[in-house]
Amino acid sequence: MVEPSSASRVSLRRLREDDIDERFASWFKNTELMQYYSGNPAPMSRQDLIDEFFEIESKGEVFIYAILDVETNMVIGTIRIGPVNAVHGTSDLVVLLGDVGYHGKGLAVEAIIQGNKLAFSEHNVRKLHGGMYASNTASIGAYLKAGWVIEGNLKDHYMVNGGPMDRVLVAC
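Computed from a predicted model, the values in this text were never measured in an experiment.

Chemist: Explanation requested: the pairing of strand β5 (residues 127–133) in the structure shown.
Modeler: Along any regular strand the residues' side chains alternate between the sheet's two faces. In this sheet, β5 lies alongside strand β4 (residues 90–96) in parallel orientation, the contact comprising three bridges. Directly across from Thr90, in β5, lies its bridge partner Lys127. Taken together, β4, helix α4 (residues 107–122) and β5 form a β-α-β motif whose crossover is right-handed. With five bridges connecting them, β5 and strand β7 (residues 163–171) associate as antiparallel partners. The partner of Gly131 across the bridge, within β7, is Leu169.

Chemist: What exactly am I supposed to notice about the packing of aromatic side chains here?
Modeler: Given two aromatic rings, their pairing is described by the distance between the two centres and the angle made by the two planes. Within this structure, the stated rule accounts for six aromatic pairs. When the ring of Tyr133 is compared with that of Tyr158, the centres are 4.3 Å apart and the planes differ by 85 degrees; the resulting orientation is edge-to-face. Linking Tyr133 in strand β5 with Tyr158 in strand β6 (residues 149–160), this pair joins segments that are 25 residues apart in sequence. Judged by relative accessible area, which is 10%, Tyr133 ranks as buried. Members of the aromatic cluster, connected to one another through ring pairs, are Phe24, Trp27, Phe28 and Phe53. Positioned over the ring face of Tyr65 is Arg14, at 5.4 Å from the centre of the ring.

Chemist: Hey, could you run me through unusual backbone geometry in this one?
Modeler: Among all residues save glycine, negative phi is the norm, and among peptide bonds the norm is trans. Between Gly82 and Pro83 the backbone carries a cis peptide bond, its omega angle lying at 5 degrees. One non-glycine residue, Asn73, adopts positive backbone phi at about 60 degrees. Checked against the element boundaries, Asn73 lands in the loop between β2 (63–69) and β3 (75–81). Here Asn73 falls in the exposed class, since its relative accessible area comes to 53%. One non-glycine residue, Asn124, adopts positive backbone phi at about 55 degrees. Residue classification places Asn124 among the exposed positions, given a relative accessible area of 67%.

Chemist: Would you explain the pairing of β7 in this entry?
Modeler: The sheet contact formed by β6 and β7 spans eight bridges and is antiparallel. For Val149, the partnering residue across the bridge sits in β7 and is Ala171. Linking β6 to β7, which pair antiparallel, is a turn of two residues; within it Asn161 sits at a positive phi near 50 degrees.

Chemist: Quick question: what am I supposed to make of the nonpolar core here?
Modeler: If you look at soluble globular proteins, the nonpolar side chains tend to sit buried side by side. In terms of nonpolar packing, the biggest core is built from 30 residues, with Ile67, Ile79, Ile81, Leu93, Ile112, Tyr143 and Trp148 touching the most fellow members. The set of elements that each furnish at least two residues to this core consists of β1 (10–14), β2, β3, β4, α4, β5, α5 (137–145) and β7. Take this core: its biggest share by element is seven residues, from α4. One finds Leu15, Phe28, Ile50 and Val75 within the second-largest nonpolar core, a separate group that totals 18 residues.

Chemist: What should I look at first to understand the pattern of salt bridges in this one?
Modeler: Opposite charge on two side chains makes pairing possible when the charged atoms of those side chains draw close. As enumerated under the stated definition, the model contains seven salt bridges in all. In this structure, Glu151 engages Lys127 in a salt bridge whose closest nitrogen and oxygen atoms are separated by 3.2 Å. Separated by 24 residues along the polypeptide, Glu151 in strand β6 and Lys127 in strand β5 bring together distant segments of the chain. Exposure remark for Lys127: the relative accessible area of 26% places this residue in the partly exposed category.

What counts and how
- Residues numbered from 1 in each chain as written.
- Predicted model: local features only at pLDDT ≥ 70, side-chain atom pairs only at ≥ 80, totals over all residues.
- Heavy atoms only, no water.
- Pairing = 2+ DSSP bridges.
- Helix = DSSP H or I, 4+ residues; strand = E, 2+ residues; numbered from the N terminus.
- Right-handed = clockwise from strand over helix to strand, strands pointing away.
- Phe/Tyr/Trp six-rings, centres within 6.5 Å; stacked < 30°, edge-to-face > 60°.
- Buried < 20%, exposed > 50% of the residue type's maximum accessible area, 1.4 Å probe, protein only.
- Lys NZ or Arg CZ within 6 Å of the ring centre and 35° of its normal.
- Core = buried A, V, L, I, M, F, W, Y, C linked by side-chain atoms within 4.5 Å.
- Salt bridge = Lys/Arg side-chain N within 4 Å of Asp/Glu carboxyl O.

This is how it looks when you write it as structure tokens:
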């Protein structure tokens, strides 16, 4: 678990099976939210999510953390670190603030900062990277506020609603 600073409103700890309840599973049925997370939303049951998350983690290259609201201790999202490339010391870091009631409050920034610390200190990562739809300005802004930089832009990388969209590449 990453201990938040006294001012932090979120904390991170490894995701547990009992965190994946029907409320959690509902995030993956929210097509607006999932368009940015997976690009191709498919309704998943609670058991599908449990099976997927723990199959991914069993390989030892991906680590999934719950994002907790420190006031309520409620799971409000996830951070995925990985796959970790041990040769190069690189990894993706993906944040999902699944509970939309917590959007727009700067909590993703705090979670990314804590995820950065975890990746560097616990998972032997020297560089984090990610990419997102150019239209996902909230996500791009959160990563930039968390100390990441834009490293590039892949022109027309995605197809969204029948048209091309750029992929913005970020790193820390």
